[in-house]
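# Report on the structure
Okay, here's what each chain looks like letter by letter:
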Amino acid sequence: MTAKHGWAFLAAIAAFVFLPQAAAEQRSLSQDWRFQRGDSKGAEAVAYDDRSWRQVSVPHDWSIEDKPDGSPPFDRDALSGQDSGYLPGGVGWYRRHLVLDARDVAQTVRVRFEAIYMDADVWINGRHVEKHHYGYSAFSVDLTGKLHAGDNLLAIRVDHADPSSRWYAGSGLIRPATLELLPPVHIEPDSIQVTTPVATRETGKVVARSDIVNGTGKTQSVEVISHILSPAGQILLRQERRTALAPGAKATEEASFELSEPALWSPDSPNLYVLEQSVRTGDGVSDVRRTRFGIRTIAVDAVNGLRINGKRFLLRGGNIHHDNYMLGAAGLPDAEARKVALMKAAGYNAIRSAHNPASQATLDAADELGMLVVDEAFDAWSRNKKSQDYARFFKEDWPADLDSLIVSGRNHPSVLFWSIGNEIPEQGAAPGIETARRMVARVRRLDATRPVTQAVSTGGVESDGQFAVLDVAGYNYHAHEFADDHRRFPARVMFTSESTSKDAFTYWRSVETMPWVLGDFVWTAVDYLGETGIGWMGYSQDWQKLGPYPWHLAYSGEIDATGRKRPAAYYREVLWKTGIDPIAAFVRQPPGTEDLPDRHLFPITPPHLDWSLDDVHPSWTWPGQEGKPLDVVVYAEYPEVELFLNGKSLGRKPVGVDTEYKTSYQVPYSPGRLVAVGYRDNRPVGHWELRTDAEPAALRLSVDRTRVRANGEDLAYVTAELFDADGVPIYAQSHDRPISVQVDGAGRLAGVGNGDPHDASSFQSGRRHSFHGRLVAVVKAATQAGPVQVRVEVPGLPAQEVRIDAVSP
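Described below are features of the structure shown in this document. (Residues numbered from 1 in each chain as written. Predicted model: local features only at pLDDT ≥ 70, side-chain atom pairs only at ≥ 80, totals over all residues. Heavy atoms only, no water.)

What follows covers the sheet that holds strand β17 (residues 273-281). With antiparallel pairing, the four strands of this open sheet are ordered in space as β15-β14-β17-β18. Two strands lie at the open edges of the sheet, namely β15 (235-245) and β18 (284-293), each paired on one side alone. Strand-to-strand twist across the sheet, computed as the mean angle between neighbouring axes with direction ignored, equals 15 degrees. (Pairing = 2+ DSSP bridges. Helix = DSSP H or I, 4+ residues; strand = E, 2+ residues; numbered from the N terminus. Axes fitted to C-alpha atoms, helices over the stretch in contact; angles between N-to-C directions.)

In structure tokens:
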């Protein structure tokens with residue numbers, strides 16, 4: 001070796017050993033995965049040949065995908081049957097290459113999974129590094145010291161053993177995955193906590209805590225600079241703190257700020273600030289963290305109810321499950337945000353994430369839109385509900401999984417309560433009370449700013465012990481006990497964690513008249529996969545049977561699976577006096593003409609919980625019913641309504657609390673125009689119209705966004721609707737038509753759905769029938785910028801196209 005070459009060699013070694021400190025970085029792992037459904041021996045090995053595996057992106061749910069032969073994913077013999085919507089679980093493998101340079105591998109490296117359903121094993125370069133059971137909790141895998149510069153192989157085996165859930169769970173990497181690169185001196189991401197103990201019009205106090213880690217082998221002089229950024233992005237306040245950190249040490253830093261006349265966060269004004277934290281050493285800035293937060297306080301008691309920033313709020317709530325219908329359980333951020341937006345637009349101000357932790361995308365959207373969230377941990381503790389559910393792992397895993405819930409959600413102002421469980425089999429018994437006591441204590445150690453609740457399905461003295469360890473008592477279907485329980489426990493704070501849609505008035509009246517009842521959460525706000533037909537034929541008398549194959553949706557959502565409001569949602573808007581649709585009219589389905597089968601599949605003897613929605617429809621198209629009386633129901637915020645058929649008045653009627661904000665008419669059917677008019681002070685102030693529709697003559701498309709980022713994740717929802725020659729929207733099922741959707745260019749078709757709970761067609765083929773004149777397609781952006789052309793065809797009608805532009809991120 002010559003002297004010249006020797007110095008070059010030593011310089012190269014020095015460049016590796018003394019790499020400049022890199023800033024912290026997060027890299028999305030959404031793309032470039034290879035996937036195989038079914039088990040594969042040795043697939044964790046680096047040398048394993050995966051070239052025959054499919055390329056997929058994450059979030060990903062294999063249970064919703066078509067079978068290899070192109071047939072739909074449903075299976076009448078699926079082990080979970082009615083619970084999963086006849087969609088199977090099984091085993092699947094994922095593999096992804098991580099190409100890293102010397103600077104990358106010199107840092108603290110973690111891969112973070114927001115959720116894998118379920119029972120996941122993780123390998124890096126053939127080495128087993130993690131076992132994680134729960135399908136809904138976020139977790140990180142520390143890869144530090146296990147990587148090398150160049151190509152590294154990440155392999156994951158997912159084992160979704162059936163039956164694992166009472167609803168559709170999905171299978172696989174169902175939420176985002178991220179690679180985190182942390183320099184030796186950094187802020188521990190999960191340590192950041194922002195609280196706002198004072199939130200008034202005059203003053204806002206912000207307290208930020210975080211742990212600073214020194215992973216180097218020498219003492220570091222560390223400067224922590226904290227900024228508060230306004231909702232408009234302006235720097236409002238700044239603090240600097242300097243500390244000396246010994247090798248391998250960790251120090252908790254706290255910064256406190258006071259803001260004058262802050263913009264408070266609430267459901268009415270969801271203002272968001274940003275805490276920006278920078279860590280600086282002698283080598284420069286090593287880490288920058290930005291945490292979004294809202295300035296707000298929460299208080300509850302049995303006299304004043306729920307107050308946010310001192311103002312009373314009634315919880316207009318709805319339960320949701322985590323699936324996204326035609327996308328399955330794939331928690332793509334745009335799909336999660338859309339569900340929150342649909343609820344907000346329908347008048348809801350609160351969500352209960354039944355019965356698992358909400359996704360970060362859901363919480364982000366709730367923060368932005370002003371939705372309150374009851375963030376729930378578990379559906380089972382030590383005693384199972386299904387043979388393969390989380391109860392298998394609860395004893396060992398619950399502390400870490402509960403921690404994940406709290407740490408992931410505590411900086412979101414939308415999170416109102418922590419719920420530790422739903423209808424737990426051991427509720428009210430000594431083991432259930434003791435478990436709840438331990439869980440509540442653990443929650444409070446991580447976050448003492450929010451009340452802790454639990455959804456309990458037993459009543460009376462059976463629930464007293466359980467409620468005694470909670471801050472807020474969640475009642476499932478026991479509104480009839482609110483008054484008596486208040487007399488027995490005057491300080492108990494209550495809310496309906498689950499209610500039936502048919503009894504909306506009764507449940508909401510309790511909220512309006514009893515200050516100790518904070519709100520009502522209906523089952524459910526948005527329709528979901530699994531628990532087949534619970535909103536149509538319901539459970540059998542023995543609680544064992546639901547809708548048979550091909551039923552796959554619950555059909556209990558007041559917003560259907562495609563995002564269309566059903567009549568129950570309009571009634572709820574009126575009950576809540578939202579002013580969104582202050583009058584609406586619907587027609588009860590004539591007996592014997594039900595548009596779905598199995599309405600009375602199970603003989604039922606009351607009392608029996610009934611999750612079905614009233615079978616009324618926004619239609620005045622009833623061929624074969626000419627001259628027969630039809631029951632027309634009108635919902636109204638107005639004190640008086642009048643109904644007209646083809647211009648002729650059918651009379652005025654009073655509407656109010658005494659009539660439960662609705663009235664009905666018996667109307668002999670005659671095609672034409674049915675109009676409901678609302679009056680206040682004898683003046684017409686609102687109306688609602690139904691018209692008889694004829695054969696489809698036109699197809700119209702609408703899209704929720706015409707511009708997406710070419711990141712392989714963004715979604716656009718395209719709605720296709722049928723109209724007759726007079727522009728009347730098609731609703732009669734006799735006028736439904738087959739529809740095909742084709743996507744070309746810089747995007748692909750991610751799924752197509754119609755909301756029909758009985759139509760077990762493919763979600764990916766692009767071919768489905770409309771359901772009540774409607775269909776929704778989801779277009780997913782590719783990773784290359786360019787135009788996306790969506791073409792929709794209906795036989796006999798002119799094809800329609802819409803363009804979406806995918807732009808560079």
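We now examine the packing of aromatic side chains. Aromatic ring pairs are described here by two measures, namely the spacing of the ring centres and the angle between the planes. The tally for this structure, following the rule as stated, stands at 39 aromatic pairs. Look at Phe378 and Phe394: their rings are 5.7 Å apart centre to centre, the planes differ by 90 degrees, and that puts the pair in the edge-to-face class. Taken together, the residues Phe378 in the loop between β24 (372-376) and α6 (394-409) and Phe394 in helix α6 connect sequence positions 16 residues apart. With a relative accessible area of 1%, Phe378 lands in the buried category. When the ring of Phe394 is compared with that of Trp398, the centres are 6.2 Å apart and the planes differ by 20 degrees; the resulting orientation is stacked. With Phe394 and Trp398 both in helix α6, this residue pair falls four residues apart, about one helical turn. Given the relative accessible area of 2%, Phe394 is considered buried. The rings of Tyr117, Tyr134, Tyr136, Phe378, Trp381, Tyr390, Phe394 and Trp398 are connected pair by pair, giving a single aromatic cluster. (Phe/Tyr/Trp six-rings, centres within 6.5 Å; stacked < 30°, edge-to-face > 60°. Buried < 20%, exposed > 50% of the residue type's maximum accessible area, 1.4 Å probe, protein only.)

Moving on, we get to the nonpolar core. Among soluble globular proteins, nonpolar side chains are generally buried collectively. Residues Leu327, Met343, Tyr348, Phe378, Ile420, Trp620 and Trp688 are the most contacted members of the largest nonpolar core, which totals 123 residues. Looking at this core, the element that brings in the most residues is strand β32 (residues 629-636), giving six residues. Ignoring any residue separated from it by four or fewer positions in sequence, one finds Leu327 in contact with Asp61, Ile64, Leu332, Ala335, Leu715, Tyr717, Ala750, Gly751 and Val778. (Core = buried A, V, L, I, M, F, W, Y, C linked by side-chain atoms within 4.5 Å. Contact = heavy atoms within 4.5 Å.)

Put simply, helix α10 (residues 504-513) and helix α11 (residues 567-575) touch, their axes get as near as 11 Å, and they point 25 degrees apart. Judged by the angle between their axes, α10 and α11 are roughly parallel. Here α10 runs over α11; the crossing is right-handed. Contacts between α10 and α11 involve Ala504, Phe505, Trp508 and Glu512 on the former and, on the latter, Tyr571, Arg572 and Leu575. (Parallel < 35°, antiparallel > 145°, perpendicular 65-115°, else oblique. Left-handed = near helix turned anticlockwise from the far one by under 90°.)

What follows deals with the pairing of strand β14 (residues 220-229). Along β14, nine of the 10 residues are buried, which leaves the element largely enclosed by surrounding structure. Turn length for the β14-β15 hairpin, with the two strands adjacent in sequence and antiparallel, is five residues, and the turn residue Gly233 shows positive phi of about 90 degrees. Alignment of β14 against β17, held across seven bridges, turns out to be antiparallel. By the bridge assignment, Ile228 is partnered in β17 with Leu275.

The next thing to look at is the pattern of salt bridges. Between side chains of opposite charge, a pair can form as their charged atoms come close. Evaluated as defined, the whole model comprises 56 salt bridges. Counted as one network, the salt bridges with shared partners bring together Arg166, Asp379, Lys385 and Glu531. (Salt bridge = Lys/Arg side-chain N within 4 Å of Asp/Glu carboxyl O.)

For the rest of this paragraph, the subject is the sheet that holds strand β36 (residues 673-680). Here four strands make up an open sheet; going across it, the order is β34-β33-β36-β37 and the pairing antiparallel. Each edge of the open sheet carries a strand with a single partner, namely β34 (648-654) and β37 (683-691). Ignoring which end each strand starts from, the neighbouring axes of this sheet average 20 degrees apart. Pairing between strand β33 (residues 640-645) and β34: five bridges, direction antiparallel. Looking across to β34, one finds that Leu645 is bridged to Lys648.

A separate point is the environment of Ser501. Within the fold, Ser501 resides in the loop between β28 (494-500) and α10. Along the backbone, Ser501 and Trp523 are 22 residues apart, and their C-alpha atoms lie at a distance of 6.8 Å. Not counting the four nearest positions on each side in its chain, Ser501 is found in contact with Val522, Glu558, Ala568, Arg572 and Leu613. Here Glu558 takes part through its side chain, which lies 2.6 Å from a polar atom of the side chain of Ser501. (Polar contact = N/O pair within 3.5 Å; in protein donor to acceptor, adjacent residues only side chain to side chain.)

None of the figures reported here should be taken as evidence of function without further support.
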